Amino acid sequence: MAKVDWPAADKRSLIGKHISRTDGPVKATGAAKYSYDINRPGMLWAKVVTSPHAHAEVVSIDTTAAAAIPGVEAVWHDETLKEVVYVGHIVAAVAARTEEIAQEAIRQVKVQYKVLPHQVVDNNPSLAAGNPAERKAGNVEEALSKADVVVSGEYGIPVITHCCLEAHGEVNEVKGDEMLVWPSTQAVSGYGNQNLAQGGGVAQNKIRVDCQHMGGGFGSKFNFELAPGAKPIAAILSKKTGKPVKLMLDRDLELAIAGNRPSAFAKIKVGASKDGTVTAFDAETWSTGGQGGAFNSGIMPYPLTKVPNVRIIGKRIITNRGGQRAWRAPNHPQACLLTMSALADTAAQLKMDELEFFLHNAALTDRPEVYREELRIAADMLGYKAKAHLRGDPKAGAGPVKRGIGIAIHTWGGLGHNSECDVTISGDGSVEAKIGTQDLGVGTRTCIAQVVGETLGLSLDGVKVEIGKNSPYPPSNGSGGSTTIGGISVSSRKAATDALNALLAVVAPKMGVAADALEAAEGKIRQIEKPHVAMSWNEACALLGKEQITKRGVNVPAESRTAKLIDANVGGVQMADVSVDIETGVVTLNEMVAVQDCGLIVNMKLCESQVYGALIMGVAYGLYEECIYDAKTGRMVNADMEFYRLAGLKDVGKLKVHLMTGPAYESRGIIGIGEPPAISPGAALSNAVANACGVRVPNLPLTPDRVIAALQKGGIA
Amino acid sequence: MTDNNVTSGVSRRGFLKGLGVGTVATGLIPSVAPETEAAEQRPALRGPGEIPITLKINGQNRQLNVEPRVTLLDALRNRLDLTGAKKVCDRGTCGACTVMVDGQPVYSCSMLAVEAEGRMITTVEGLGTPTQMTAVQKAFVKHDAQQCGFCTPGFVMACTAFLSSHPNPTLEEARAGLGGNLCRCGTYAGIMEAVLEAAKKGGA
């Protein structure tokens, strides 16, 4: 395999440019077929029966009445299930000729439960179970006792849910010994696992996965499961009936069981010296991930890895709520909110400007210079100097509407994942790139076309990209951890480079020079030294006759990192400018800026879109989002989109995005972008509200009731 | 529409009067046309099983069988394979299912298919195609007003309808006028640029 690198800035024709996504037209015209849109001949509709109790023993399940309804073709229930542990726990399912009949049939499944005690409260540390996780550095007690100032506070961020617009689910068609499956997934190559194979009674290598478009995942769509531990119901029902089955979750279930980012609450003490240097960080945290894992607070103080004296005690509260799933930058938004709140409260206690405080303490991060540069750029973009004031300063406003600015900083890994790509060049000049990857909305197809086009000197139109299928498409990892663009860019660059070299070997004798004297550019194969001596791309490919060249490129993350094709670890800074009406408690976002580095940017337009999108998602969880549970019934009471509020067009204020470019950043290679900018928004908003109204609103989301309660309580933290 | 299509033996007007919430309920159901006295006629009972109906969609008459309880959205998606309108909230909140009925934007999840009989239905499939996009669709692509794209057809329909009634919107008007649609990926920055540019280019 040829050694590859990225072209220098002045040589790039496609990489790094503002390019519209190639599948934009099919999406904007409704022509794109998502998994939910797949309608197969003779297809049945499945619906699931779920537990109305947060905790119960399953005594009996009687499906007779449901099975007798005309149009119902199969009824299934989980015979192994003895206990349900949250409202929405799947116990049975039906498949019927229409969605309406299926809906009616699930109401006729009679399940007898013996109700058991439940527990859904997650904001009380005394409910924690098991041994807490503990991380210690230095001597935190001694450092706190010697600190010039010690600031204590309690902060929190509730469970939120992903609310993917396309619900979780799939269309499944077991045909003889083969299974065709159209899932809404973040991981096409890994989707056809052993469990799914067993459900459909087929061999694992007989599963054909197809996901051309998917309507959002954000970390919640890695597995086939509708909910953690759930059986592959659509496959089971298709196997039973011999017909294709569509099973997509209804919206209430989608919100209650298919998301769930763990909550995080903390009591924190920060010790600092008079000049603002953080010397000690002492935190006790508690969190729920339902029955699953909870928030990992060990990454605090975040991202101040070099605070010398640290003690973090992380407790986990098991609740009868839907299981947790990864959410855009797992653990980081929580750690950021908790840490940044405590740090901004420390700055306020010291009567130190927040920007100065972060510039000073950037020394305690892994990348001080990056943060300092980004802080200065963000401050310029927001007009920080003219607007900034200390907490409680009359400059916040004389009337009931107070204005304030908040700052947060974050980090993320984002090393490109394992990925393989086949590039095929044919005698008619056509080029095809195939990868078993997926597009969650980042623009995967477009980035592959850019890299292959760049390598072969072609335009985007000259490259056909095929993704969304598992084997025989070359395998690529699931899209998690902001690893996709790094992974697929390297594998496609390598495949295209090798394919080009094979073509040049054919062309070189015809052009009377050695292959290494040739290059592909501007739709031509030409001599590097004499660019006017050229052959058109199509003429060159015609030399292949009926032969094709197919080469496979492989990204091995560690090797590619050494070769500076990809890298990990970025820094980002965000600042929010808000108005708070202290009479009504309403928070209005005026403006938010994001400054982010992510190495070499493949597509500037799509990369900016990721950052804008992350900011908006952050505004939603900062100001509105919360899974509200009723302690008595154990139910999520706002499992619909009216009361589980997302941000709308009128909520997002003015947004500005700046991506770091230039040789110092680009020479690191490609680094993922999807997650980092979603980390800071909640913290920046919380700090801005504290700066505006003079008191800390301890818990997200920053709803009017919380703001009013904090104002009534008073005090700095 | 007229109440001839009402599917129960009770006329809507009589039903609403009975509840004493006529004006409020009319405001909540965007698809309801002004009531007329002619609507007082009692229509024949239809259903409860599947009944044949004809829907005029994108200029074509389409015949299908649906139970009266089937929404226009489910009829489009499940019976006619017109899957551009998406099912997301299914409760008239998110706008992903937006179509136009007699030129007005309507949440198709909140209208019954039988209610749409005799009316002009336009779905996203009736606007442009990938190779011949409308001005709104072109602007969405150019300004990257989409990521996963699941909300996009609904937004395109809402923008198209909005621009036909507000050819020169201000930023604030556009924000309010498109406030009935939600995006999870966060494409609002691109959507605002797209709608303002499409307005300059003469809208739909």
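Parameters at a glance
Residues numbered from 1 in each chain as written. Chains lettered and ligands numbered in written order. Predicted model: local features only at pLDDT ≥ 70, side-chain atom pairs only at ≥ 80, totals over all residues. Heavy atoms only, no water. Helix = DSSP H or I, 4+ residues; strand = E, 2+ residues; numbered from the N terminus. Rg over C-alpha atoms; globule rule 2.2 N^0.38 Å. Buried < 20%, exposed > 50% of the residue type's maximum accessible area, 1.4 Å probe, protein only. Contact = heavy atoms within 4.5 Å. Domains from an automatic or database assignment. Buried area = accessible area lost by both parts, 1.4 Å probe. Salt bridge = Lys/Arg side-chain N within 4 Å of Asp/Glu carboxyl O. Nonpolar A, V, L, I, M, F, W, Y, C, P; charged D, E, K, R; others polar. Right-handed = clockwise from strand over helix to strand, strands pointing away. Pairing = 2+ DSSP bridges. Axes fitted to C-alpha atoms, helices over the stretch in contact; angles between N-to-C directions. Parallel < 35°, antiparallel > 145°, perpendicular 65-115°, else oblique. Left-handed = near helix turned anticlockwise from the far one by under 90°. Disulfide = S-S within 2.5 Å.

## Thoughts on the overall build of chain A
Right, on to step 1. Broken down by element type, chain A carries 20 helices and 26 strands.
Right, on to step 2. What you see for chain A is a C-alpha radius of gyration of 27 Å, in line with the 27 Å of a compact globule of 717 residues.
Right, on to step 3. Along the first, second and third principal axes, the C-alpha atoms of chain A reach 80 × 75 × 45 Å.
Right, on to step 4. Per-residue burial for chain A yields a buried fraction of 63% across its 717 residues.
Right, on to step 5. In chain A, the share of contacts with a sequence separation of at least 24, taken over all contacts with a separation of at least 6, comes to 80%.

## Describing the domain arrangement of chain A
Residue and element names in this part refer to chain A.
Right, on to step 1. Here chain A is partitioned into domain 1 (35-117 + 163-257), domain 2 (264-414 + 568-713) and domain 3 (417-556).
Right, on to step 2. Averaged C-alpha coordinates put domain 1 and domain 2 at centres separated by 37 Å.
Right, on to step 3. For the pairing of domain 1 and domain 2, the buried interface totals around 1,600 Å² over both sides, and the portion due to carbon and sulfur atoms is 62%.
Right, on to step 4. Applying the counting rule to domain 1 against domain 2 returns zero salt bridges.
Right, on to step 5. Each residue belonging to the side of domain 1 that touches domain 2 can be placed in one class, and the counts come to 15 nonpolar, four polar and three charged.

## Considering the interface of chain A and chain B
Right, on to step 1. Each side of the interface is counted separately: chain A has 56 residues, and chain B has 50 residues.
Right, on to step 2. For the pair chain A and chain B, the two sides together bury roughly 4,400 Å², of which 55% comes from carbon and sulfur.
Right, on to step 3. On the surface where chain A and chain B come into contact, there are nine salt bridges.
Right, on to step 4. Put simply, B:R77 and A:D37 hold a salt bridge, and the shortest N to O gap is 2.9 Å.
Right, on to step 5. Listing elements by their share of the side of chain A that touches chain B, those giving two or more residues are α1 (24-28), α3 (99-107) and α17 (604-623) of chain A.
Right, on to step 6. Among the residues forming the side of chain A that touches chain B, the class breakdown is 26 nonpolar, 16 polar and 14 charged.

## Topic: the environment of A:A710
Residues and elements named next belong to chain A.
Right, on to step 1. If you trace the backbone, A710 turns up in helix α20 (residues 704-713).
Right, on to step 2. Residue A710 is classed as buried on the basis of its relative accessible area, which comes to 6%.
Right, on to step 3. For the pair A710 and G242, spaced 468 residues apart in the sequence, the C-alpha separation amounts to 59 Å.
Right, on to step 4. If sequence neighbours within four positions are ignored, A710 has contacts with V695, R696, V697 and P698.

## Section: the pairing of strand β26 (residues 654-659) of chain A
Right, on to step 1. Here β26(A) shows a buried face lined by A:L655, A:V657 and A:L659 and an unburied face lined by A:K654, A:K656 and A:H658.
Right, on to step 2. A crossover links strand β25 (residues 587-596) of chain A with its parallel partner β26(A), the connecting element being α17(A), and its sense is right-handed.

## Let's talk about the sheet that holds strand β3 (residues 98-101) of chain B
Two pairing modes exist for strands in a sheet, parallel and antiparallel, and in both the strands are linked by backbone hydrogen bonds.
All names here are of chain B.
Right, on to step 1. Strand order across the open sheet formed by five strands is β2-β1-β5-β3-β4, with mixed pairing between neighbours. Of all strands in the sheet, those with a lone pairing partner are β2 (60-66) and β4 (104-107), marking the two edges. Looking at each pair of strands side by side, their axes are set apart by 45° on average, direction ignored.
Right, on to step 2. Along the sheet, helix α3 (residues 72-79) contacts β1 (51-57), β2, β3 and β5 (120-122); its crossing angle with β2, the most-contacted strand, is approximately 95°.

## Side note on unusual backbone geometry
Right, on to step 1. A:M300 connects to A:P301 through a cis peptide bond whose omega is -5°.
Right, on to step 2. Residues other than glycine seldom take positive phi values, yet B:D81 does so here, at roughly 55°.
Right, on to step 3. Examined against the element boundaries, B:D81 turns out to sit in the loop between α3 and β3.
Right, on to step 4. Under the relative-accessibility criterion, B:D81 is labelled partly exposed at 38%.

## Description of the packing of α17(A) against helix α19 (residues 681-693) of chain A
Residue and element names in this part refer to chain A.
Right, on to step 1. Packing of α17 against α19 brings their axes to within 8 Å, and their N-to-C directions diverge by 55°. Comparing the axis directions of α17 and α19 gives the class oblique. As for how α17 packs across α19, the hand of that crossing is right-handed. On α19, the residues that touch A614, L615, G618, V619, Y621, G622 and L623 of α17 are P681, G682 and L685.
Right, on to step 2. Taken together, the residues of the contact of α17 with α19 break down into seven nonpolar, three polar and no charged.

## Remarks on α3(B)
Right, on to step 1. Counted residue by residue, α3(B) has seven buried out of eight residues, so it is predominantly covered.
Right, on to step 2. For α3(B), the secondary structure elements touched by its buried residues are β1 (44-50) and α3 of chain A together with β1, β2, β3 and β5 of chain B.

## Examining the state of the cysteines
Right, on to step 1. Considering all chains together, one arrives at zero disulfides over all chains under this definition.
Right, on to step 2. Free cysteine A:C541: the closest other cysteine sulfur is in A:C421, separated by 16 Å.
Right, on to step 3. Judged by its relative accessible area of 0%, A:C541 falls in the buried class.
Right, on to step 4. The thiol of B:C183 is unpaired, and the distance to the nearest cysteine sulfur, on B:C151, comes to 3.8 Å.
Right, on to step 5. A relative accessible area of 4% places B:C183 in the buried class.

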